[in-house]
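Breakdown of the fold
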Amino acid sequence: MTTAKTDQPILLEVKNLKTWFPVRRGLLQRTVGNVKAVDDVSFFVRRGETLGLVGESGCGKTTVGRTILRLIPNSGGEVHFDGKDVLAAGALDLRKLRREMQIIFQDPGGSLNPRMRVGGIISEPLEVHGITKSEDETRERVGELLVKCGLWKQAADRYPHEFSGGQRQRIGIARALSLNPRLIVCDEPTSALDVSIQSQILNLLADLQQEMGLSYLFISHDMAVIHHICDRIAVMYNGKIVEEGTRDEIINAPKHEYTQALLSAVPEADPRRKRQRIRQANARM
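Residues numbered from 1 in each chain as written. Predicted model: local features only at pLDDT ≥ 70, side-chain atom pairs only at ≥ 80, totals over all residues. Heavy atoms only, no water.

A look at the packing of helix α3 (residues 118-128) against helix α4 (residues 135-148)
- It is at 10 Å that the axes of α3 and α4 come closest, and there the two elements cross at 115 degrees. Relative to α4, the element α3 is oriented roughly perpendicular. Both α3 and α4 take part in a crossing whose hand is right-handed. When α3 is examined against α4, the residues V118, G119, I122, S123, L126 and E127 are found in contact with a partner set consisting of T138, R141, V142, L145 and L146.
- The residue makeup of the contact of α3 with α4, split by class, is six nonpolar, three polar and two charged. (Axes fitted to C-alpha atoms, helices over the stretch in contact; angles between N-to-C directions. Helix = DSSP H or I, 4+ residues; strand = E, 2+ residues; numbered from the N terminus. Parallel < 35°, antiparallel > 145°, perpendicular 65-115°, else oblique. Left-handed = near helix turned anticlockwise from the far one by under 90°. Contact = heavy atoms within 4.5 Å. Nonpolar A, V, L, I, M, F, W, Y, C, P; charged D, E, K, R; others polar.)

Re the layout of surface pockets
- Space inside the second largest pocket adds up to approximately 410 Å³.
- Only β6 (101-104), α3 and α5 (165-177) provide two or more residues apiece to the lining of the second largest pocket.
- A per-element tally of the lining of the second largest pocket places α3 first, with four residues. (1 Å grid on protein atoms, 1.4 Å probe; cavity = no way out; pocket = protein on both sides within 12 Å on 5 of 7 lines; lining within 4 Å. Points joined across faces, edges and corners; volume = space filled by probe spheres on them.)

Examining empty space enclosed by the protein
- Inspection of the entire model under this criterion finds one cavity of 30 Å³ or more.
- Considered as a void within the structure, the largest cavity measures approximately 40 Å³ in volume.
- Lining the largest cavity, in full, are I68, L69, V86, L94, L97, R98 and M101.
- For the lining of the largest cavity, the element with the most residues is helix α2 (residues 91-100), which contributes three residues.
- Grouping the amino acids of the lining of the largest cavity by side-chain chemistry returns six nonpolar, no polar and one charged.

Points about the nonpolar core
- One finds I173, F218, M223 and V235 to be the most contacted residues of the largest nonpolar core, which totals 46 residues.
- Contacts of I173, omitting those with residues within four sequence positions, involve I104, C149, I201, L204, L205 and L208.
- Among the nonpolar cores identified, the runner-up in size contains 29 residues, and V64, F81, L94 and A234 belong to it. (Core = buried A, V, L, I, M, F, W, Y, C linked by side-chain atoms within 4.5 Å. Buried < 20%, exposed > 50% of the residue type's maximum accessible area, 1.4 Å probe, protein only.)

Section: the sheet that holds strand β8 (residues 215-220)
- Taken in spatial order, the six strands make up an open sheet running β6-β7-β8-β3-β9-β10, and their pairing is mixed. The open sheet terminates on both sides in strands that have one partner only, identified here as β6 and β10 (240-246). Mean inter-strand twist for the sheet, computed between neighbouring axes without regard to direction, equals 20 degrees.
- In terms of strand pairing, strand β3 (residues 50-54) meets β8 through five bridges, oriented parallel. The residue bridging G52 from the neighbouring strand is F218, located in β8.
- Most of the contacts of α2 go to β6, to which it runs at about 55 degrees, and overall it touches β6 and β7 (183-187). (Pairing = 2+ DSSP bridges.)

Details of the pairing of strand β1 (residues 10-25)
- As paired strands, β1 and strand β2 (residues 30-46) are joined by 13 bridges and run antiparallel to one another. Bridge pairing in β2 places W20 opposite K36.
- Between β1 and β2, which pair antiparallel in sequence order, lie four residues; one of them, G26, sits at a positive phi of approximately 85 degrees.

This is the structure:
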């Protein structure tokens, strides 16, 4: 279990972030409106902390993560990483920031190039950023990362399809760690895995955070997963954050009816205990 890290400085700060996608119609494809995928979202992540961003599919949480990393252009707002303006960064500054901010994708199979060996997948960021100076150094670094993530050095010579889903996700984590980042956006990293494998990956992420002092923005639709790994929780609905607080505040005393509905959907481990499912169709904003 994690504990709040209120004594740590803020590493990532997001203010009034907006990501809108235009709706085009007609022969000339004129813009007739916008889909407000992310609309005026603000939060922060401290050093060594895990902030859970939770909500149902389509609420905008993945778009938040990708906008922060400049994988999707923003429509407004600010993102600061360790005091640096991410959204205004030029090519050179953004290249430096990418070493500090990485992502673990939802689909461990789709995010790995099937034509590349595992060693090449993990070493590519090292080569692009000039971290290692020789082939031997690169291979040694790749081996260390694989072992750190619960695999073996010889896995570098194999292809992604030769591994299970959980092992492929470990490869994705090793790739994200290759540049020694300080912040990792975890975009539903366990949702495509069996429940037994999910716990292994969550424990690995917790161990890596403890060892390396990592900060996580952990995106998920699963309140049980969020409860397990996060220090604080921000609940997202229709492109907005509707409730935010410590893990205990959100789990034990949720104030917003949408949060209450999410928690009511979490399966109860004891079959003798019955939890009433809240059917919530139109939450107040």
